[in-house]
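# Structure assessment
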Amino acid sequence: MKGNVAAIVLIVVGAVALGANLDLFHVNLFELIGTWWPLIPIGVGISMLLTRERS
């Protein structure tokens with residue numbers, strides 16, 4: 001469960017950052033960063049959700 005929480009946080013952070021870069025939100029914080037970099041934490045979060053934990 002702990003990994004799922006981290007994955008969800010990464011997905012949410014990436015989605016908010018991507019929305020800001022695509023001008024869906026009016027946030028100037030991400031102005032200097034490339035438009036598509038938030039796909040990286042989204043991808044990492046999704047892979048964390050899909051990867052099974054081995055006991």
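These lines cover the structure that appears in this document, whether it is placed above or below.

Rules and cut-offs
- Numbering of residues starts from 1 in each chain and follows the order in which that chain's sequence is written.
- For a predicted model such as this one, the threshold for reporting local features is a pLDDT of at least 70, and the threshold for listing and counting side-chain atom pairs is 80 or more; totals across whole chains, interfaces and linings nevertheless cover every residue.
- Computation of side-chain values: all heavy atoms of the structure, hydrogens and water removed.
- Secondary structure follows DSSP: runs of H or I at least 4 residues long count as helices, runs of E at least 2 residues long count as strands, and numbering of each begins at the N terminus.
- Relative accessibility decides the category of a residue: with a 1.4 Å probe and only protein chains considered, values under 20% of the type maximum give buried, values over 50% give exposed, and everything between is partly exposed.
- Whether two residues touch is decided by their heavy atoms; if any such pair falls within 4.5 Å, the residues are in contact.
- Under the rule applied, a polar contact is a pair of N or O atoms within 3.5 Å (in protein, one hydrogen donor and one hydrogen acceptor; residues adjacent in sequence only if both atoms are side-chain atoms).
- Under the convention used throughout, the expected extent of a helix is 1.5 Å for every residue step, that is, one less than its residue count.
- Picture the helix axis, draw a direction to every C-beta atom, and the arc is the one those directions span.

## Observations concerning the overall build of the protein chain
Scanning the protein chain from terminus to terminus reveals two helices and zero strands. Considering the protein chain as a whole, with its 55 residues, one finds that 22% of them fall into the buried category. Counted over contacts in the protein chain with a minimum sequence separation of 6, partners at least 24 positions apart contribute 53%.

## With respect to unusual backbone geometry
A negative phi angle is the norm for most residues apart from glycine, just as the trans form is the norm for most peptide bonds. Residues other than glycine seldom take positive phi values, yet D23 does so here, at roughly 60°. Tracing the sequence through the fold places D23 in the loop between α1 (2–21) and α2 (39–50).

## Description of the environment of S47
Checked against the element boundaries, S47 lands in helix α2. Since its relative accessible area comes to 35%, S47 is described here as partly exposed. C-alpha of S47 to C-alpha of A7: the two residues are 40 residues apart in sequence and 8.1 Å apart in space. Separated by 2.8 Å, the side chain of S47 and the backbone oxygen of V44 make a polar contact.

## Remarks on α2
Here α2 spans 16 Å end to end across 12 residues, near enough to the 16 Å set by a 1.5 Å rise per residue. Within α2 the residues assigned to the buried category are P41, I42 and G45. Projection of α2 onto a plane perpendicular to its axis shows the buried side chains occupying an angular sector of 105°, all on one side. The exposed set on the far side of α2, more than 90 degrees from its buried face, consists of I40 and L50.

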